[in-house]
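Summary of the model geometry
Now for the letters of each chain:
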Amino acid sequence: CGHCKRFSIFWNEFSRLVQAMNWGSVIDVMKIDVSKNDVPHDGIEAWDLPAVYYFPAGEKENPIELAYGHKSKEENNPQLVYDEGLSLVMSGYDLVEWMVAQGKLDLDLLLELDAEANDPKSEVDDVIDIDQL
């Protein structure tokens, strides 16, 4: 559907952000086409699409659904009611912000992983300095 195609852009951006920030060991980003696959979890109701669910570590039985919905000051906006607020997602950064706001991520670990990814020493260890030969 059109909503899914539009949202796919942000979902793919979110996936690239997770990899760029070196968070891949902590956050798995997955996509399921429910028109072709069964939903492998009883806690997911995939009637309104697209749908985003966050499965915190150690709490896989209680996924958290991304649904801004009626908590917005624009609660009378029919688009927000129709797509449960997913139209408020404008980038992968919005998805990162939402996940952090759930309070289930270890932010210190995420910052440490990002720092490791951006540490020039971690990438240069295997490089030979020609001047030292």
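So, about the overall build of the protein chain. On a plain count of helices and strands, the protein chain comes out with 5 helices and 2 strands. Starting at the N terminus, the α and β elements of the protein chain follow one another as α-β-β-α-α-α-α. The burial tally for the protein chain puts 26% of its 133 residues in the buried class. The contacts of the protein chain with a sequence gap of at least 6 include a subset with a gap of at least 24, amounting to 52%. Carbon and sulfur atoms provide 52% of the accessible area of the protein chain, an area that totals close to 9,600 Å².

This paragraph deals with the environment of Lys5. Assignment of secondary structure puts Lys5 in helix α1 (residues 2-20). Among the residues examined, Lys5 registers a relative accessible area of 64% and is labelled exposed.

Taken together, the buried positions of helix α3 (residues 92-101) are occupied by Gly92, Leu95, Val96, Trp98 and Met99. Along α3, the residues classed as buried sweep out an arc of 160° about the axis, all on the same side. Residues Tyr93, Glu97 and Ala101 are exposed on α3 and point more than 90 degrees away from its buried face. Residues of α3 that are buried in the fold lie against α1, β1 (53-54) and β2 (64-65). In this structure Ser91 caps α3, since a side-chain oxygen of it lies 3.2 Å from the backbone nitrogen of Tyr93.

Moving on: the side chain of Ser91. Along the chain, Ser91 falls in the loop between α2 (78-83) and α3. Taking the relative accessible area as the measure of exposure, Ser91 reaches 13% and is therefore buried. A polar contact of 3.2 Å, which involves the side chain of Ser91, links it to the backbone nitrogen of Tyr93. When sequence neighbours within four positions are dropped, the list of residues in contact with Ser91 reads Phe10 and Glu13.

Scanning the model with the defined rule gives 3 aromatic pairs in all. Taking the centre distance of 5.3 Å and the plane angle of 45° together, the rings of Trp11 and Phe14 count as tilted. Of this pair, Trp11 and Phe14 both sit in helix α1, separated by 3 residues, roughly a single helical turn. When its relative accessible area of 12% is taken as the criterion, Trp11 is described as buried. With relative accessibility at 3%, the residue Phe14 sits in the buried group. A centroid spacing of 6.1 Å and a plane angle of 75° characterise the contact between Tyr54 and Trp98, whose relative ring orientation is edge-to-face. Within this pair, whereas Tyr54 is found in strand β1, its partner Trp98 is found in helix α3, the two being separated by 44 residues in sequence. A single burial state applies to Tyr54 and to Trp98, both of which are buried. A connected cluster of aromatic rings, assembled from ring pairs, spans Phe7, Trp11 and Phe14.

Time to look at the pattern of salt bridges. Here the structure, examined in full by the defined rule, presents 1 salt bridge. A salt bridge links Lys104 to Glu59; the shortest N-O distance between them is 3.1 Å. Of this pair, Lys104 sits in the loop between α3 and α4 (107-117) while Glu59 is found in the loop between β1 and β2, placing the two residues 45 residues apart along the sequence. Overall, Lys104 belongs to the partly exposed group, its relative accessible area being 38%. Looking at Glu59, the relative accessible area reads 27%, which means it is partly exposed.

Quick notes on the rules
Residues numbered from 1 in each chain as written. Predicted model: local features only at pLDDT ≥ 70, side-chain atom pairs only at ≥ 80, totals over all residues. Heavy atoms only, no water. Helix = DSSP H or I, 4+ residues; strand = E, 2+ residues; numbered from the N terminus. Buried < 20%, exposed > 50% of the residue type's maximum accessible area, 1.4 Å probe, protein only. Contact = heavy atoms within 4.5 Å. Areas by Shrake-Rupley, 256 points an atom, 1.4 Å probe, with all protein chains shown as cover. Arc of directions from axis to C-beta. Polar contact = N/O pair within 3.5 Å; in protein donor to acceptor, adjacent residues only side chain to side chain. Phe/Tyr/Trp six-rings, centres within 6.5 Å; stacked < 30°, edge-to-face > 60°. Salt bridge = Lys/Arg side-chain N within 4 Å of Asp/Glu carboxyl O.

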